[in-house]
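Results of the structural survey
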Amino acid sequence: MNIILLGPPGCGKGTQAKRLEERFGTVQLSTGDMLRAAVKAGTDLGKQAEAIMNEGKLVPDDLIVSMIAERISEPDCAKGFILDGFPRTVAQAEALDAMLVDKGLKLDHVIELEVDEAALFARIEKRAAESAESGAAVRADDNAETLKKRLDVYRQQTAPILPYYRDSGRLDSVDGMQDIEAVTGQLVGILQE
Ligand code: AMP
């Protein structure tokens, strides 16, 4: 089962992808996590991505597309994967479709998590506070100022992929304002249809 979770920063994609991974064994592929790991490891990709991420902008499509193409070819993805944070532009969505055809794979579900913008600010602040409390690194882009930019980028560059999937009848939407368990319940329902 190959799945895309879509939605703005803070909508719960990462949380739900982890829960679905536990339940179905489908690997969570978070491009944000991969990029943060590359930044930490000081790779060429990390060096190119760091400043862009800290500004809340998007890393160039070609870098992201080749990163994902390599990742989904790894053996652990054979059981299925959940894309979390990719695609983020129509060009990425088109590249993904081509990549899947190339690899003889298909998308089973594209699901959007819908959350009010005001709630996103509260969630991002909570995530930063929880990381700080637990001693984990607070993400450099988890602050109100950068979130505003990330939301602008979402509206301008990422939201256009919703009609891309909707028009081809591939999009489901779930109310991401519900509590975590209820959202998981609805996602599981869709995946088991
Ligand atoms: P995330 O953890 O998904 O919120 O991603 C954090 C940051 O990584 C984003 O604000 C972008 O700078 C970068 N990023 C993650 N995924 C992508 C993507 N698919 N395309 C371009 N940039 C990305």
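Note that the coordinates shown come from a computational prediction; the quantities given were computed from them, not determined experimentally.

**Here we look at the overall build of the chain**
The helix and strand tally for the chain stands at nine helices and five strands. Radius of gyration (C-alpha) of the chain: 16 Å, near the 16 Å computed for a compact globule of 193 residues. Here the C-alpha coordinates of the chain stretch approximately 40 × 40 × 30 Å along the principal axes. Per-residue burial over the chain gives 45% buried out of 193 residues. If you sum the accessible surface of the chain, you get close to 9,700 Å²; carbon and sulfur atoms cover 51% of it.

**Some thoughts on unusual backbone geometry**
Backbone torsion omega between Phe86 and Pro87 reads 0°, so that peptide bond is classified as cis. Its place among the elements puts Pro87 in the loop between strand S3 (81–84) and helix H5 (90–103).

**A word on helix H6 (residues 117–134)**
The terminal C-alpha atoms of H6 lie 26 Å apart, and with 18 residues this matches the ideal 26 Å at 1.5 Å per residue to within 8%. Those residues of H6 not exposed but buried are Ala119, Leu120, Ile124, Ala128 and Ser131. Each element contacted by the buried residues of H6 is listed here: helix H7 (144–158). Immediately beyond the C-terminal end of H6, within one or two residues, lies Gly135, with a positive phi of roughly 85°.

**Overview of the site of the ligand**
Taken together, 16 residues are adjacent to the ligand, and Thr31, Arg36, Lys57, Gly85 and Gln92 come closest. Lys57 places a polar main-chain atom, nitrogen or oxygen, 2.5 Å from an oxygen atom of the ligand. At 3.4 Å from an oxygen atom of the ligand is found a side-chain nitrogen or oxygen belonging to Arg150. Burial of the ligand by the protein chains amounts to 96% of its free accessible area of 480 Å². Counting residues per element, the shell around the ligand draws most heavily on helix H2 (residues 31–41), at four residues. Tallied by class, residues from the shell around the ligand come to six nonpolar, four polar and six charged.

**Details of the pairing of strand S1 (residues 2–6)**
In terms of burial, S1 is largely enclosed, as five of its five residues are buried. Alternating positions in S1 separate into two faces, Asn2, Ile4 and Leu6 on one and Ile3 and Leu5 on the other, with burial throughout. Alignment of S1 against S3, held across four bridges, turns out to be parallel. In the strand pairing of S3, Leu5 is matched with Asp84. Inspection of the sheet shows S1 paired to strand S4 (residues 109–114) by four bridges, in the parallel sense. Within S4, the position partnered with Ile3 by the bridge is His109.

**Some remarks on the packing of H2 against helix H4 (residues 61–71)**
Look at H2 against H4: their axes get within 11 Å of each other, and the N-to-C directions meet at 100°. Taken together, the axes of H2 and H4 lie roughly perpendicular to each other. Residues Thr31, Met34 and Leu35 of H2 form the contact with H4, whose participating residues are Ile64, Met67, Ile68 and Arg71. Considering only residue class, the contact of H2 with H4 consists of five nonpolar, one polar and one charged.

Rules used in this analysis
- Residues numbered from 1 in each chain as written.
- Predicted model: local features only at pLDDT ≥ 70, side-chain atom pairs only at ≥ 80, totals over all residues.
- Heavy atoms only, no water.
- Helix = DSSP H or I, 4+ residues; strand = E, 2+ residues; numbered from the N terminus.
- Rg over C-alpha atoms; globule rule 2.2 N^0.38 Å.
- Buried < 20%, exposed > 50% of the residue type's maximum accessible area, 1.4 Å probe, protein only.
- Areas by Shrake-Rupley, 256 points an atom, 1.4 Å probe, with all protein chains shown as cover.
- Expected span 1.5 Å × (residues − 1).
- Contact = heavy atoms within 4.5 Å.
- Near = heavy atom within 4 Å.
- Polar contact = N/O pair within 3.5 Å; in protein donor to acceptor, adjacent residues only side chain to side chain.
- Nonpolar A, V, L, I, M, F, W, Y, C, P; charged D, E, K, R; others polar.
- Pairing = 2+ DSSP bridges.
- Axes fitted to C-alpha atoms, helices over the stretch in contact; angles between N-to-C directions.
- Parallel < 35°, antiparallel > 145°, perpendicular 65-115°, else oblique.

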